[in-house]
Amino acid sequence: MGMKTQLALNATVGLLLIGVVSANAGSGDTTVNGSGSADRFKAFVNTHGTSAERAAVSHVTEVHRPSAPPGGGTDATDLRTDFSGGPPGGGTGPARLIAAAFADWKYGGRGRVTVYDSAGEVLDTRTY
């Protein structure tokens, strides 16, 4: 199996898993994909990202996404990190890299990703 075929297969399996988790979320509005999705995101960046993106993404602890996009079809995802101190705490630059890498990881469509520090402070938001 060629490298491109293997990458496409891995991406398809990852998307299937995300779809299954989302479909089985029940009646709540939010699917907490947690560290499993964070691990898949990190694996993608470790394979395809720059060294700066790999370093930044290593701080992602959880991925939270809605079980279904809102009426406009725009997906909104929250990424939790282990950065502390909010924007002045030094996590803003890496948060920009994390948001950009996430936009690259997404499989299509429109969306918004917000990166938070460990206390829930917004570090960066990106629309893709």
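Residues numbered from 1 in each chain as written. Predicted model: local features only at pLDDT ≥ 70, side-chain atom pairs only at ≥ 80, totals over all residues. Heavy atoms only, no water.

> Quick one: what's the story with the confidence of the model for the protein chain, residue by residue and with numbers?
Averaged over the protein chain, the pLDDT score is 74; the fraction of residues at 70 or greater is 59%. Looking at the elements of the protein chain, mean pLDDT is at its lowest for helix α1 (residues 3-23), recorded as 46, and at its highest for helix α3 (residues 51-57), recorded as 95. With pLDDT under 50 throughout, residues 13-32 is counted as low confidence; its partners more than four residues away or in other chains account for 25 contacts. (pLDDT = per-residue confidence, 0-100. Helix = DSSP H or I, 4+ residues; strand = E, 2+ residues; numbered from the N terminus. Contact = heavy atoms within 4.5 Å.)

> I'd like a description of helix α4 (residues 92-105), backed by residues and values.
Within an α-helix, residues lying three or four positions from one another point in the same direction, as the helix has 3.6 residues per turn. Relative to the 20 Å expected for 14 residues at 1.5 Å per residue, α4 spans 20 Å between its end C-alpha atoms, a close match to the ideal helical length. Among the residues making up α4, those that are buried are Thr92, Ala95, Ile98, Ala99, Ala100, Ala101, Phe102, Ala103 and Trp105. (Expected span 1.5 Å × (residues − 1). Buried < 20%, exposed > 50% of the residue type's maximum accessible area, 1.4 Å probe, protein only.)

> Requested: an account of the nonpolar core, with residues and values cited.
In terms of nonpolar packing, the biggest core is built from 18 residues, with Phe41, Val57, Val60, Leu79, Ile98, Phe102 and Val115 touching the most fellow members. When contributions to this core are tallied by element, the ones reaching two or more residues are α2 (34-48), α3, β2 (60-66), α4 and β4 (111-116). Ranked by residue count, the leading element in this core is α4, at 6 residues. Among residues more than four places away in sequence, those in contact with Ile98 are Phe41, Ala56, Val57, Val60, Leu79, Thr81, Phe83 and Val115. (Core = buried A, V, L, I, M, F, W, Y, C linked by side-chain atoms within 4.5 Å.)

> Any details on the packing of aromatic side chains? Residues and values, ideally.
In this structure the tally under the stated criterion is 4 aromatic pairs. When the centroid spacing of 5.5 Å and the interplanar angle of 75 degrees are considered together, the rings of Phe41 and Phe102 count as edge-to-face. Of the two residues, Phe41 sits in helix α2 while Phe102 sits in helix α4, which places them 61 residues apart along the sequence. Residue Phe41 shares its accessibility class with Phe102, and that shared class is buried. Here the aromatic rings of Phe102 and Trp105 are separated by 5.5 Å at their centres, their planes lie at 65 degrees, and the arrangement is edge-to-face. (Phe/Tyr/Trp six-rings, centres within 6.5 Å; stacked < 30°, edge-to-face > 60°.)

> Could you give me a rundown of the environment of Thr92, with the residues and numbers involved?
Positionally, Thr92 belongs in helix α4. Residue classification places Thr92 among the buried positions, given a relative accessible area of 18%. Considered as a pair, Thr92 and Val122 are 30 residues apart in the sequence and their alpha carbons are 9.0 Å apart.

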